[in-house]
Amino acid sequence: MPKIPKTMRKNDDTKAAGKKGVTKKTARKKAAPAAAIVKAVPALPTEPAATAEILDRLFNVVVSRKGTDPAVSHSARLLSRGRRKIAQKFGEEAVECLIEAVAGNTEELVGESADVLYHLIVMWVDAGIHPSDVWAELTRREGTSGIAEKAARPRDPLAV
Ligand SMILES: N=c1c2ncn([C@@H]3O[C@H](COP(=O)(O)OP(=O)(O)OP(=O)(O)O)[C@@H](O)[C@H]3O)c2ncn1[C@@H]1O[C@H](COP(=O)(O)O)[C@@H](O)[C@H]1O
């Protein structure tokens with residue numbers, strides 16, 4: 001068990017002893033055990049947080065796989081097979097995703113969504129698109145309802 005510094009022990013005793021009817025002796029008994037004090041220190045994160053920032057990290061990984069050994073990297077293999085194959089794989093994953101959505105399979109939908117995002121990123125890498133281009137477009141659209149956007153579109157004069 002790690003040693004608790006003397007000053008820390010003293011402070012705990014003093015705080016508890018400050019309460020009415022608590023002697024220094026009972027306060028020492030009531031003071032938090034050393035293990036509890038140690039546990040109260042928040043642990044340093046060992047893994048990155050599961051947030052949308054993974055998309056930027058994944059993009060960088062896929063970029064770094066470009067031109068590497070297709071036998072070792074799935075991204076390298078996909079990129080070496082060309083745009084049509086990449087687009088086809090993205091389409092397949094999107095269809096699998098919508099099948100799970102329609103079937104109401106929530107857990108499977110999560111997995112298929114991750115497949116879609118991975119294959120979309122491979123498609124961006126192949127097409128020379130940076131995620132920040134897409135984030136900028138989403139930010140530009142932020143706050144504008146699709147209903148309002150559609151209504152503001154110029155009308156086709158030939159439409160009946
Ligand atoms: N997120 C993914 C990810 N999602 C799905 N996949 C792979 O995508 C493949 C899809 O399987 P399919 O059988 O549908 O595809 P396929 O083998 O091309 O099949 P064919 O159409 O050719 O028959 C599987 O091998 C999955 O493991 C992924 N492969 C990699 N990543 C990420 O990409 C990073 C880099 O991976 P590598 O490029 O392999 O080093 C990894 O660390 C991961 O973070």
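This is a predicted model, so every value here is computed, not measured. (Residues numbered from 1 in each chain as written. Predicted model: local features only at pLDDT ≥ 70, side-chain atom pairs only at ≥ 80, totals over all residues. Heavy atoms only, no water.)

### What to know about the site of the ligand
For the record, the criterion: Being near a molecule or strand, for a residue, comes down to having at least one heavy atom within 4 Å of it. Whenever a nitrogen or oxygen atom comes within 3.5 Å of another N or O atom, the pair is scored as a polar contact, on the condition that within protein one atom can donate a hydrogen and the other can accept it, and that pairs from neighbouring residues in sequence are kept only if both atoms are in side chains. Only the protein chains shown count as cover for residues, with accessible areas throughout obtained via the Shrake-Rupley method and a probe of 1.4 Å. Where helices and strands are cited, they refer to DSSP runs of H or I of at least four residues and of E of at least two residues respectively, numbered from the N terminus. Residue polarity follows a fixed list, in which Ala, Val, Leu, Ile, Met, Phe, Trp, Tyr, Cys and Pro are nonpolar, Asp, Glu, Lys and Arg are charged, and the others, Gly among them, are polar.
Neighbouring the ligand are 14 residues; Arg65, Ser73, His74, Ser75 and Arg81 lie closest to it. Ser73 places a side-chain nitrogen or oxygen 2.5 Å from an oxygen atom of the ligand. Within the complex, the protein chains bury 55% of what would otherwise be the 860 Å² of accessible surface of the ligand. Listing elements by their share of the shell around the ligand, those giving two or more residues are α4 (53-65), α5 (74-80), α6 (83-103) and α7 (106-127). Its residues assigned to classes, the shell around the ligand shows three nonpolar, four polar and seven charged.

### Topic: the pattern of salt bridges
A side chain with one charge may pair with a side chain of the opposite charge, provided their charged atoms come close. Filter applied, for reference: One speaks of a salt bridge when a side-chain nitrogen belonging to Lys or Arg is within 4 Å of a carboxyl oxygen belonging to Asp or Glu.
In this structure the tally under the stated criterion is five salt bridges. Between Lys89 and Glu92 there is a salt bridge whose closest N-O contact spans 3.0 Å. Of the two residues, Lys89 and Glu92 both sit in helix α6, three residues apart, roughly one turn of that helix. For Glu137, the salt bridge goes to Arg141, with nearest N and O atoms at 3.0 Å. With Glu137 and Arg141 both in helix α8 (residues 131-141) and four residues apart, this pair spans about one turn of that helix.

### Thoughts on the packing of aromatic side chains
Condition: Pairing of aromatic side chains here covers Phe, Tyr and the six-membered ring of Trp, requires ring centres within 6.5 Å, and sorts the geometry by plane angle: under 30 degrees stacked, over 60 edge-to-face, intermediate tilted. Burial classes follow relative accessibility: with a 1.4 Å probe on protein chains only, a residue under 20% of its type's maximum area counts as buried, one over 50% as exposed, and anything between as partly exposed.
One pass over the structure, following the stated rule, counts one aromatic pair. With a centroid separation of 5.8 Å and an interplanar angle of 80 degrees, the aromatic rings of Trp124 and Trp135 are classed as edge-to-face. Within this pair, whereas Trp124 is found in helix α7, its partner Trp135 is found in helix α8, the two being separated by 11 residues in sequence. Among the residues examined, Trp124 registers a relative accessible area of 11% and is labelled buried.

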